[in-house]
Amino acid sequence: MYVVYLNYFRPAEEADALLAPHIEWLDRYFDSGDFIAAGRKDPRTGGMVLVKEMDRARLDTILAEDPFVAVAHYDVTKVNVTRAAGAFEGLKGI
């Protein structure tokens, strides 16, 4: 799986103007099963998305569709989950 950190390089007010289409983008990939979890950083300097295992080129294509590309940089880390709490066992090996 991947951990994707979004880091704003523009003011949060500019991100707010893109929030509705960003949420639509998130919804599309939660509905498809590609996204596992997402949320804002605290303090609000960006956000985070957990993404299921997939080809990195596909992930890059998905990220390029996010309206937040105009206000945030993306830091992508691939994680090979080998241990998980009971409720998260399904993340192992994906």
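Please read these numbers as outputs of a predicted model, since none were measured by experiment.

1. As for the side chain of His22
Next up, step 1: By the element assignment, His22 lies in helix α2 (residues 19-31).
Next up, step 2: His22 gets classed as buried once you look at its relative accessible area, which sits at 8%.
Next up, step 3: Residues within four places of His22 in sequence aside, it is in contact with Leu6, Asp66, Pro67 and Phe68.

2. Here we look at the sheet that holds strand β2 (residues 35-40)
Next up, step 1: The sheet built from 4 strands is open, its strands ordered β2-β3-β1-β4 with antiparallel pairing. Unpaired on one side and paired on the other, β2 and β4 (72-78) mark the two borders of the sheet. Adjacent strand axes in the sheet meet at a mean angle of 15°, parallel and antiparallel pairs treated alike.
Next up, step 2: In this sheet, strand β3 (residues 46-51) lies alongside β2 in antiparallel orientation, the contact comprising 5 bridges. Bridging across to β3, Arg40 finds its partner in Gly47.

3. Examining the UniProt feature "domain: YCII-related" (unreviewed entry) in the chain
Next up, step 1: Per the UniProt record, "domain: YCII-related" (unreviewed entry) is annotated on residues 1-79.
Next up, step 2: As annotated, residues 1-79 has a helix share of 35% and a strand share of 33%, and its two end C-alpha atoms lie 5 Å apart.

4. Description of the environment of Met48
Next up, step 1: Within the fold, Met48 resides in strand β3.
Next up, step 2: Given a relative accessible area of 22%, Met48 falls into the partly exposed group.
Next up, step 3: For Met48, the contacting residues outside a window of four places in its chain are Val3, Val4, Tyr5, Ala37, Ala38 and Gly39.

5. Some points on the packing of aromatic side chains
Next up, step 1: Applying the stated rule across the entire model yields 5 aromatic pairs.
Next up, step 2: On the numbers, 6.0 Å between centres and 75° between planes, the contact of Tyr8 with Phe68 is edge-to-face. Placement of Tyr8 in strand β1 (residues 2-8) and of Phe68 in the loop between α3 (56-64) and β4 is noted, with a sequence separation of 60 residues between them.
Next up, step 3: Ring plane angle 65° and centroid distance 5.2 Å describe the contact between Trp25 and Phe35, whose orientation is recorded as edge-to-face. On the criterion of sequence distance, the pair formed by Trp25 in helix α2 and Phe35 in strand β2 is long-range, its members being 10 residues apart. As far as the burial class goes, Trp25 and Phe35 line up, both buried.

6. Observations regarding the environment of Lys52
Next up, step 1: Note that Lys52 resides in the loop between β3 and α3.
Next up, step 2: When the C-alpha positions of Lys52 and Arg83 are compared, they lie 16 Å apart, and in sequence the two are 31 residues distant.
Next up, step 3: Leaving out residues up to four positions away in the same chain, Lys52 has contacts with Met1, Tyr2, Gly33, Asp34 and Ile36.

Cut-offs and rules
- In this numbering scheme, every chain counts its residues from 1 along its sequence in written order.
- For this predicted model, a pLDDT threshold of at least 70 governs which residues receive local features, and a threshold of 80 or more governs which side-chain atom pairs are given and counted, while totals over whole chains, interfaces and linings are taken from all residues.
- Water and hydrogen atoms were dropped before computing side-chain values, which therefore reflect all heavy atoms in the structure.
- Each helix is a run of DSSP H or I of at least 4 residues and each strand a run of E of at least 2, with the numbering of both proceeding from the N terminus.
- Under the scheme applied here, a residue whose accessible area is under 20% of the maximum for its type counts as buried, over 50% as exposed, and between as partly exposed, the area being computed with a 1.4 Å probe on protein chains only.
- Here, two residues are considered to be in contact whenever any of their heavy atoms come within 4.5 Å of each other.
- If DSSP finds at least two bridges between two strands, the strands pair.
- Only C-alpha atoms enter the line fits that serve as axes; for helices the fit covers just the stretch in contact. Angles between N-to-C directions range over 0 to 180 degrees.
- UniProt positions are given in the numbering used here, feature names are shortened, and annotations may be inferred rather than shown by experiment.
- Aromatic rings from Phe, Tyr and Trp, taking only the six-membered ring of Trp, are treated as a pair when their centres fall within 6.5 Å; an angle between ring planes under 30 degrees marks them as stacked, one over 60 as edge-to-face, and anything in between as tilted.

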